[in-house]
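Chains, contacts and geometry: an overview
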Amino acid sequence: MSSNVLPFTPRSNATDAPERATPATVTRAVYTVAEVAELLSLSTGSTYALVRKGDIPAMKLGGRWVIPVRRFETWLDNLPTASVADVEHELAALDRAAGRRSASNGA
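Please read these numbers as outputs of a predicted model, since none were measured by experiment.

Basis of the calculations
- Residues numbered from 1 in each chain as written.
- Predicted model: local features only at pLDDT ≥ 70, side-chain atom pairs only at ≥ 80, totals over all residues.
- Heavy atoms only, no water.
- Helix = DSSP H or I, 4+ residues; strand = E, 2+ residues; numbered from the N terminus.
- Buried < 20%, exposed > 50% of the residue type's maximum accessible area, 1.4 Å probe, protein only.
- Contact = heavy atoms within 4.5 Å.
- Areas by Shrake-Rupley, 256 points an atom, 1.4 Å probe, with all protein chains shown as cover.
- Salt bridge = Lys/Arg side-chain N within 4 Å of Asp/Glu carboxyl O.
- Axes fitted to C-alpha atoms, helices over the stretch in contact; angles between N-to-C directions.
- Parallel < 35°, antiparallel > 145°, perpendicular 65-115°, else oblique.
- Left-handed = near helix turned anticlockwise from the far one by under 90°.
- Nonpolar A, V, L, I, M, F, W, Y, C, P; charged D, E, K, R; others polar.
- Phe/Tyr/Trp six-rings, centres within 6.5 Å; stacked < 30°, edge-to-face > 60°.

1. Some details on the overall build of the protein
- Regarding its fold elements, the protein presents four helices and three strands.
- Each helix and strand of the protein, ordered N terminal to C terminal, gives the series β-α-α-β-β-α-α.
- Every one of the 107 residues in the protein was classed for burial, and the buried ones make up 13%.
- Expressed as a percentage of contacts within the protein between residues at least 6 apart in sequence, the contacts between residues at least 24 apart total 37%.
- Approximately 9100 Å² of the protein is accessible, and the part contributed by carbon and sulfur atoms is 57%.

Right, here's the structure in full:
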């Protein structure tokens, strides 16, 4: 009876291996909402809300939202930066609001 199994002949060394083309680097065109949420350290729900409002540049592709990488990076680069005065103003507003809450609670 003859066998259908072919004998395996191992290569003597790696230099005998044929040259293989290196795979092309794939550059992504879009992020998912979950990926952008992670990049911005936001919850997925908050990120979806910003996408729906149009604050984060996105488009609906089929039934899902995608964020084009270049538009997102441009948007991120063009966000205004906060000055020390802006931060101090926000902290003072938070302190005033906390003071109002404690006064209204009778504390």
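2. Let's talk about the pattern of salt bridges
- This structure, assessed with the given rule, holds two salt bridges.
- Its salt-bridge partner being Asp55, residue Lys53 comes within 3.2 Å of it at the nearest N-O pair.
- Lys53 sits in the exposed class, given a relative accessible area of 63%.
- Its relative accessible area of 32% is what places Asp55 among the partly exposed residues.

3. Digging into the packing of helix α1 (residues 33-40) against helix α3 (residues 69-77)
- Running from amino to carboxyl end, α1 crosses α3 at an angle of 25°, the nearest separation of the two axes being 13 Å. Looking at the two axes, α1 sits roughly parallel to α3. Between α1 and α3 lies a crossing of right-handed hand. Taking contact as the criterion, the partners of Val36, Leu39 and Leu40 in α1 are, on α3, Phe72, Trp75 and Leu76.
- Of the residues that constitute the contact of α1 with α3, the class distribution is six nonpolar, no polar and no charged.

4. Notes on the packing of aromatic side chains
- Applying the stated criterion to the full structure yields two aromatic pairs.
- Look at Tyr31 and Phe72: their rings are 5.8 Å apart centre to centre, the planes differ by 90°, and that puts the pair in the edge-to-face class. Taken together, the residues span a long stretch of sequence, with Tyr31 in strand β1 (residues 30-32) and Phe72 in helix α3 at a distance of 41 residues. Neither Tyr31 nor Phe72 differs from the other in exposure class; each is buried.
- Here a set of aromatic residues connected by ring pairs shows up, and it is made of Tyr31, Phe72 and Trp75.

Interpretation note: all reported values are geometric properties and have no functional meaning in isolation.
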